[in-house]
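# Observations on the model geometry
Listed below, chain by chain, are the residues.
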Amino acid sequence: MRITRIELRHTKMELVSPFETSLGVERFEEHIIVRVDGDGLTGWGECVVEPTPSYSYETLQTAWHVLKDFLIPGILGKEFDCVGSALAVNGWVRGHRMARAGLEAALTDAFARAAGVSLSAFLGGRRTRIPVGVSVGLQPTTAELLRVIAGYLDDGYKRIKIKIAPGRDITLVQAVRREFPDIHLQVDANSAYTLDDSEMLRSLDDCDLQLIEQPLGYDDIFDHSLLQRQLRTPICLDESIYNTSDARAALALGSCRIINIKPGRVGGYTESIRIHDCCASQGVPVWHGGMDESGIGRAGNVALASLPNFSLPGDISATKRYYREDIVEPAFEVDQDGTMAVPSGPGIGVEVIMERLERVTVHKDDFRSA
Ligand code: OSB
Ligand code: MG
C-alpha cells in the first residue's frame, strides 16, 4: 500500500456526564482522530491523548507535533507491504506511545480493509462477543454512586469498577458491597496512594474485590511488589506498564497479578499483543482498559479485546455511557449477559459519519504526498 494522504483532527466531544477520578474531573473528551489513505482505501485511528499531561505525560499538542513532524513524514508517499514495515520506519522514535498508537491504529485499519477482513480477525481475535464492564467515576454522594451503579447493572454490565481517591475509598467500597453483595467489583486509584496508605489498602481485602488497579505511583513497579505481598486482593497495573519489558519486570517481582492493556498507553496494537502473549504464557489474565474513546477508538478496542487472553471484562462500555451522539454507526451496545458484539465487517467494522466528525472537529491538518 502506498500512503498518499494522512489527516489529523483535534476533536472535542461532550461526555453525557462529568467523569471524576483522582486525577480530576472531565466534561469533554479531546482526542486526535487519524485518517490514513492509500490504494483507494481509508483507515481510521484514535489517538487517546488528553489536553493535559495528567494520566500520561503526552498531551494533545505533543502528540500532534510528533505525528506532524516525525511520524507522518516517515511514511507519507512510501509503499509498505505490511503494517510492521511502516512501523519499522518510525521505530527510532522513543516514547510518545499515544501518538504512535493513533497512527498504528489507522494504518492497521487500512491494511485489514485491504485484506478484506475485520480488524479483529486481522489482529488474531477469535471471539465474536466479548465480556465488558463499566468504569464509574467518583460521584458527589454515596447515594448517587449506588444509583448510578444500579442503572449500569440494569443495562446488563456484570462487572463494575469504581474510582477511588484518598478520603473517598474504603467507606465507598463498603457501601457498594453492602448494597450489591454479589457483583464483580473492582477499584481504580489512578496512582493516588503511597505505601503509607497500606493500612487502608489492606482493609479492601475484606470487600471481595476482583482487583485493585494502580494504587501507587504512575511509574512505580517496585513499591507495588511490596504492597502486593501485604494483600490478598490482586493488584492490576495500568499506568506503570508501558511495554512488555515492564510487564515482565512486574510479573517477576510480583508487583501485580493482572494487567490492564491500553494500546494508547503501550504504543499500539503490536506492543499490546506482545504483552497479551507474554501474560498468556505465564497464565496471567489481562483485560482491555479504556480512555473514553469515540466509536473509532472503541471499535479498535473491541477488536483487540477479542484475543483469547483478554479473559476479564474490559472498560469497553456502550456508546451511551459516554456520548449522546457518537461519530460512528452503529452504536456499541451491551447485552443483558454483559457482552458486546465484535464488529465483523472489514477493518474497524463501523461507519464513520463524516458530518458528525466534522461537527466535533476543532482543528484539522492534512498531509499529502507529492
Ligand atoms: O485509569 O482506566 C483509567 C479513563 C481515562 C483515563 C484513565 C482511565 C479511564 C477510565 C475510563 O477508567 C475507561 C473507559 O470506560 O473508557
Ligand atoms: Mg486505570
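Above this text is the structure in question.
For clarity, every value in this text was computed on a predicted model and none was experimentally measured.

## Topic: the sheet that holds strand β15 (residues 361–368)
Sheet architecture is open: four strands sit in the order β3-β2-β1-β15, paired in antiparallel fashion. Among the strands making up the open sheet, the edge pair consists of β3 (41–47) and β15. On average, each strand axis in the sheet is tilted by 20 degrees relative to the strand beside it, whichever way the strands run. Examined bridge by bridge, strand β1 (residues 3–21) and strand β2 (residues 24–38) share 14 bridges and lie antiparallel to one another. Along β2, the bridge assignment pairs F19 with E26.

## Side note on the site of ligand 1
By nearness alone, 16 residues border ligand 1, and S135, D188, N190, D292 and Y322 come closest of all. Between ligand 1 and the protein, one listed contact pairs an oxygen atom with a side-chain N or O atom of D188 at 3.0 Å. A distance of 3.3 Å is found between an oxygen atom of ligand 1 and a backbone nitrogen or oxygen belonging to M291. Bound to the protein, ligand 1 loses 97% of the 390 Å² it would expose on its own. Every element with two or more residues in the shell around ligand 1 is listed here: β6 (159–163) and α13 (319–322). Of the residues belonging to the shell around ligand 1, the class tally is four nonpolar, three polar and nine charged.

## Re the nonpolar core
Counting residues in hydrophobic clusters, the biggest one holds 82 residues, and the most contacted among them are I162, L204 and I259. Here this core gathers at least three residues from each of two domains, domain 1 (3–116 + 350–368) and domain 2 (122–341). Sequence-distant contacts of I162, defined by excluding residues within four places in its chain, comprise V136, L145, I149, V173, V176, L185, Q186, V187 and D188. Within the second largest apolar cluster, 33 residues are counted, among which are Y55, L67, F80 and V93.

## A closer look at the pairing of β3
In terms of burial, β3 is a largely internal element, five of the seven residues being buried. The turn linking β2 back onto β3 is made up of two residues, and D39 within it adopts a positive phi angle of 50 degrees.

## Considerations on the packing of helix α1 (residues 60–75) against helix α3 (residues 97–115)
Between α1 and α3, the shortest axis-to-axis distance is 9 Å and the interhelical angle comes to 45 degrees. Taken together, the axis directions place α1 and α3 in an arrangement best described as oblique. Taken as a pair, α1 and α3 cross one another with a handedness that is right-handed. Where α1 abuts α3, its residues A63, V66, L67, L71 and I75 lie against A99, R100, L103 and L107.

## Things to note about the packing of aromatic side chains
Ring pairs (aromatic) are described by centroid distance and by the angle formed between their planes. Inspection of every chain in the model, using the stated rule, returns three aromatic pairs. On the basis of an interplanar angle of 85 degrees and a centroid distance of 5.7 Å, the ring pair of Y152 and Y157 is categorised as edge-to-face. On the basis of relative accessibility, which here comes to 14%, the residue Y152 falls in the buried class. Positioned over the ring face of W287 is R159, at 5.0 Å from the centre of the ring.

Rules used in this analysis
Residues numbered from 1 in each chain as written. Chains lettered and ligands numbered in written order. Predicted model: local features only at pLDDT ≥ 70, side-chain atom pairs only at ≥ 80, totals over all residues. Heavy atoms only, no water. Pairing = 2+ DSSP bridges. Helix = DSSP H or I, 4+ residues; strand = E, 2+ residues; numbered from the N terminus. Axes fitted to C-alpha atoms, helices over the stretch in contact; angles between N-to-C directions. Near = heavy atom within 4 Å. Polar contact = N/O pair within 3.5 Å; in protein donor to acceptor, adjacent residues only side chain to side chain. Areas by Shrake-Rupley, 256 points an atom, 1.4 Å probe, with all protein chains shown as cover. Nonpolar A, V, L, I, M, F, W, Y, C, P; charged D, E, K, R; others polar. Core = buried A, V, L, I, M, F, W, Y, C linked by side-chain atoms within 4.5 Å. Buried < 20%, exposed > 50% of the residue type's maximum accessible area, 1.4 Å probe, protein only. Domains from an automatic or database assignment. Contact = heavy atoms within 4.5 Å. Parallel < 35°, antiparallel > 145°, perpendicular 65-115°, else oblique. Left-handed = near helix turned anticlockwise from the far one by under 90°. Phe/Tyr/Trp six-rings, centres within 6.5 Å; stacked < 30°, edge-to-face > 60°. Lys NZ or Arg CZ within 6 Å of the ring centre and 35° of its normal.

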